[in-house]
Structures are given as structure tokens and as C-alpha cells.
Amino acid sequence: AQSVSQHNHHVILSEAASLELGCNYSYGGTVNLFWYVQYPGQHLQLLLKYFSGDPLVKGIKGFEAEFIKSKFSFNLRKPSVQWSDTAEYFCAVIPWGDDKIIFGKGTRLHILP
Amino acid sequence: NAGVTQTPKFRILKIGQSMTLQCAQDMNHNYMYWYRQDPGMGLKLIYYSVGAGITDKGEVPNGYNVSRSTTEDFPLRLELAAPSQTSVYFCASSPPRGNNQPQHFGDGTRLSIL
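Residues numbered from 1 in each chain as written. Chains lettered and ligands numbered in written order. Predicted model: local features only at pLDDT ≥ 70, side-chain atom pairs only at ≥ 80, totals over all residues. Heavy atoms only, no water.

(A) View of the packing of aromatic side chains. Counted under the stated rule, the structure contains 14 aromatic pairs over all chains. Centre to centre, the rings of tyrosine 25 of chain A and phenylalanine 72 of chain A are 5.6 Å apart; their planes meet at 75°, and the pair counts as edge-to-face. Taken together, the positions of tyrosine 25 of chain A in strand β4 (residues 24-25) and phenylalanine 72 of chain A in the loop between β8 (64-68) and β9 (73-78) put the pair 47 residues apart, joining distant regions of the chain. Of the residues examined, tyrosine 25 of chain A reaches a relative accessible area of 6% and is grouped as buried. Both rings, one in phenylalanine 63 of chain A and one in tyrosine 89 of chain A, keep their centres 5.6 Å apart while their planes meet at 45°; by these two values the pair is tilted. With a gap of 26 residues between them, phenylalanine 63 of chain A in the loop between β7 (56-58) and β8 and tyrosine 89 of chain A in strand β10 (residues 87-95) connect regions that are remote in the sequence. A relative accessible area of 0% places tyrosine 89 of chain A in the buried class. Three or more aromatic residues joined by ring pairs form one cluster here, namely Phe34, Tyr36, Phe51 and Phe103 of chain A together with Tyr31, Tyr33, Tyr35, Tyr48 and Phe105 of chain B. A cation over a ring is seen here: arginine 68 of chain B above phenylalanine 74 of chain B, with NZ or CZ 5.9 Å from the ring centre. (Phe/Tyr/Trp six-rings, centres within 6.5 Å; stacked < 30°, edge-to-face > 60°. Helix = DSSP H or I, 4+ residues; strand = E, 2+ residues; numbered from the N terminus. Buried < 20%, exposed > 50% of the residue type's maximum accessible area, 1.4 Å probe, protein only. Lys NZ or Arg CZ within 6 Å of the ring centre and 35° of its normal.)

Next comes the structure, spelled out in C-alpha cells:
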């Protein structure tokens, strides 16, 4: 079955530290890839997406992600985190031709001021 | 532009009671989805619909029912509430998959079964 794995369940960083959250998926064909963010008490919001083209995708709030097809990965990065980045982050995949989006279990990010 | 609207935001039910979680979208999206979110478990798909009159089961459909009589509305029904259904429920919508657009989420319904 298709799945999305997020390696880190809980990450704690200090402000200004660099961030990388891992995401791997298990599907051999073409995929659409997403990162969503959920701030405390809020709904999921799109951070960035990859459909085709440049594998380095830039999103909102200084986040970026790199699609590495050979590694089935779509890791999320940010050079310098802020306290306001405290949230839960979800990686998601839509296999090409499918109707359903598959979410990872999420990574809870806590930034210390 | 309201986007995806869910009601109610909070609800407490007794075991065995029934209720309907409402979801409406005003973006003329064909696809709509219901998820439940439990701590540390991510989002699990309950049911989804690719258009009016068409619904299909997701990963965790047991104990729930849906209907899609219009493009705008996609209510989720709990017939006999059980403690295991305590969760946060999110509705989402998107254009057809060919449009390469992400899902839009509602604000969620926090449901407690006591």
C-alpha cells in the first residue's frame, strides 16, 4: 500500500537554527507532493507543493522543499526558524491518477524562544 | 469567500447518540473529503466524494456515513456514537485531480464522545 513516512515525530529547535524535516513516500510512479502546516488550534494550510519542473520548490514563510526522485523523498527545509514556526507539519502525496491524498503522520515542531 | 465551512466547531455527545457534521464549500470543487485527526496519527481519510451523487470509502469508514446530494455540501453522519470516535474532524475540498490543485481544509469539528 502507498504510504508516506515522516521520520521525526517531534523536533525541538532554538530560534535561528536550521530545519530539515524528512519525508519519504512509497510509490514508484509520478506523484504530486505537498507540505501542509497546522498551527495550534487551526486547520491545515498549504506550505508548498510540487507537481513538475524544478525539484527545488519554494513556499511561504521562507520554507523550501527538494524533490529527489531517486530517493522518493521530499524534505522540507528552512535556513533559520522563528518561534512562530511552532506547528505540526504534514507531508502528503497524491499518486498520479489517484483521487486521494495520502498524509504522513506529521512532525510536531517546537521552537524555543 | 468562505472556502470550506464546517459546523459545529465543538460538540459533546453521549455514547449511542447520533449527529451530523456539516461541511459546505463555495468554490465549486468537485472533490470533497472527510478526515479524522488523532494525536500522533496524522489524518485518516473516512470518506470522499468526486462529485454529487458519488461517494467512496476511505481508510476508516466504519461507524460513519456520508451523502453528496449537491456539489456544495458533504455531511458526515455518526449513527451510534462511540468513545473511539472522539477526534477532530476535518472536511476538505479540491478541484478534480487534473487541475493540479491542493486541498482546502475547513477549521475542523472537535467531537468528544462521553
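(B) Region of interest: unusual backbone geometry. Each neighbour pair has its own omega, and for threonine 7 of chain B with proline 8 of chain B the value is -5°, a cis peptide bond. Despite not being glycine, phenylalanine 72 of chain A has its phi angle at roughly 50°, a positive value. A relative accessible area of 35% means that phenylalanine 72 of chain A is categorised as partly exposed. A positive phi angle is found at asparagine 28 of chain B, which is not glycine, with a value near 60°. If you trace the backbone, asparagine 28 of chain B turns up in the loop between β3 (19-25) and β4 (31-38). Overall, the relative accessible area of 60% leaves asparagine 28 of chain B in the exposed class.

(C) Local environment of the sheet that holds strand β1 (residues 4-7) of chain B. Residues and elements named next belong to chain B. Ordered in space as β1-β3-β8-β7, the four strands form an open sheet in which the pairing is antiparallel. A strand with exactly one partner marks an edge of an open sheet, and here the two such strands are β1 and β7 (64-66). Shown here is a sheet whose adjacent strand axes are inclined to one another by a mean of 20°, direction ignored. Two strands pair when backbone bridges link them, and β3 and strand β8 (residues 76-78) are joined in this way by three bridges, in the antiparallel orientation. Within β8, the residue paired with leucine 21 across the bridge is leucine 76. (Pairing = 2+ DSSP bridges. Axes fitted to C-alpha atoms, helices over the stretch in contact; angles between N-to-C directions.)

(D) Seen up close, the environment of alanine 2 of chain B. Tracing the backbone through its elements, the reader meets alanine 2 of chain B in the segment before β1. Residue alanine 2 of chain B is classed as exposed on the basis of its relative accessible area, which comes to 56%.

(E) Region of the structure containing the pairing of strand β9 (residues 87-94) of chain B. Residue and element names in this part refer to chain B. The element β9 is largely enclosed, with a buried count of eight among its eight residues. Pairing of β4 with β9 involves seven bridges; the strand directions are antiparallel. The residue bridging methionine 32 from the neighbouring strand is serine 93, located in β9. Where β9 lies against strand β10 (residues 104-105), two bridges are found, and the strand directions are antiparallel. Paired with alanine 92 across the strands is phenylalanine 105, a residue of β10.

(F) Up close: the nonpolar core. All names here are of chain A. Residues Leu33, Trp35, Leu47, Leu48, Phe74, Leu76 and Tyr89 are the most contacted members of the largest nonpolar core, which totals 29 residues. Taken together, the elements giving at least two residues each to this core come down to β2 (10-14), β3 (19-21), β5 (31-38), β6 (45-50), β8, β9, β10 and β12 (107-112). Those residues in contact with tyrosine 89, other than ones at most four positions away along the chain, are Gln6, Leu21, Trp35, Tyr36, Val37, Leu47, Phe63, Leu76, Gly106, Thr107 and Leu109. (Core = buried A, V, L, I, M, F, W, Y, C linked by side-chain atoms within 4.5 Å. Contact = heavy atoms within 4.5 Å.)

(G) How the structure looks around the interface of chain A and chain B. In this complex, chain A contributes 21 residues to the contact, which on the side of chain B involves 20 residues. Roughly 1800 Å² of surface becomes buried between chain A and chain B when both sides are summed, with 58% attributable to carbon and sulfur atoms. The largest per-residue losses of area from chain A upon contact with chain B belong to His43, Asp99 and Lys105 of chain A, which jointly make up 31% of the total buried on that side. Listed by contribution, the elements that provide at least two residues to the side of chain A that touches chain B are β5, β6 and β10 of chain A. With four residues, the single largest contributor to the side of chain A that touches chain B is β5 of chain A. In terms of residue class, the side of chain A that touches chain B is built from nine nonpolar, six polar and six charged. (Buried area = accessible area lost by both parts, 1.4 Å probe. Nonpolar A, V, L, I, M, F, W, Y, C, P; charged D, E, K, R; others polar.)

Keep in mind that these numbers describe shape and distance, not what the molecule does.
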